[in-house]
Amino acid sequence: RQTILLLTLLPLLHLLSLGALFQLFSLPSLGFSRGDTIAAMFCSSHKTLAFGLPLINTIFEGNPNLAAYCAPVMFIHPLQMTFGSLLMPSIVK
């Protein structure tokens, strides 16, 4: 049950964050170009394996549930790349 909730909630939260960041960086008062807006939207929402896994290993070192703590980061990284590639054609228009 928790796995289904996690697999549903993570993609929805990621899509919502992408949309919210796109709206935020599109505000005329910030003065960003369209290219800057797209770059900021994708860069600010991405969490990488290279940053997340060492951080989790440091915080939870020796914890028997370490693999469970690493799983969301390992799941969300490919999901971000997939969503980004699927959203790019509609954003470029």
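A brief report on the enclosed structure follows. (Residues numbered from 1 in each chain as written. Predicted model: local features only at pLDDT ≥ 70, side-chain atom pairs only at ≥ 80, totals over all residues. Heavy atoms only, no water.)

### Description of helix α4 (residues 66-92)
Residues lying three or four places apart along an α-helix face the same way, a consequence of the helix completing one turn every 3.6 residues. Relative to the 39 Å expected for 27 residues at 1.5 Å per residue, α4 spans 39 Å between its end C-alpha atoms, a close match to the ideal helical length. The largest bend in α4 is about 30°, located at leucine 86, with the proline proline 89 one to four residues further on. Those residues of α4 lying buried are Cys70, Val73, Ile76, His77, Leu79, Gln80, Phe83, Gly84 and Ile91. (Helix = DSSP H or I, 4+ residues; strand = E, 2+ residues; numbered from the N terminus. Expected span 1.5 Å × (residues − 1). Bend = angle between axes of the 7 residues up to and from the residue. Buried < 20%, exposed > 50% of the residue type's maximum accessible area, 1.4 Å probe, protein only.)

### With respect to the environment of alanine 39
For alanine 39, the location among the structural elements is in helix α2 (residues 34-45). For alanine 39, a relative accessible area of 38% puts it in the partly exposed group. Sequence separation of alanine 39 and leucine 10 is 29 residues, and the distance between their C-alpha atoms is 21 Å.

### Overview of helix α1 (residues 2-25)
For α1, with 24 residues, the first-to-last C-alpha span of 34 Å sits near the 34 Å given by 1.5 Å per residue. What α1 keeps buried is the set Leu10, Pro11, His14, Leu18, Leu21, Phe22 and Phe25.

### Concerning the packing of helix α3 (residues 49-59) against α4
For the pair α3 and α4, the least separation of the axes is 10 Å and the interaxial angle reads 170°. With respect to α4, the element α3 is oriented roughly antiparallel. In this structure, α3 uses Leu49, Gly52, Leu53, Ile56 and Asn57 to contact α4, whose residues at the interface are Leu66, Tyr69, Cys70, Val73, Met74 and His77. Within the contact of α3 with α4, the residues separate by chemical class into 8 nonpolar, 3 polar and no charged. (Axes fitted to C-alpha atoms, helices over the stretch in contact; angles between N-to-C directions. Parallel < 35°, antiparallel > 145°, perpendicular 65-115°, else oblique. Contact = heavy atoms within 4.5 Å. Nonpolar A, V, L, I, M, F, W, Y, C, P; charged D, E, K, R; others polar.)

### Some details on the packing of α1 against α4
Where α1 contacts α4, the axes come no closer than 10 Å and their chain directions differ by 45°. Between α1 and α4, the angle is such that the two are oblique. When you trace α1 past α4, the crossing you get is right-handed. Counting all contacts with α1, which are made through Leu7, Leu10, Pro11, His14, Leu15, Leu18 and Phe22, the residues of α4 involved are Pro72, Phe75, Ile76, Leu79, Gln80, Phe83, Leu87 and Ile91. Here the contact of α1 with α4 is composed, by residue class, of 13 nonpolar, 2 polar and no charged. (Left-handed = near helix turned anticlockwise from the far one by under 90°.)

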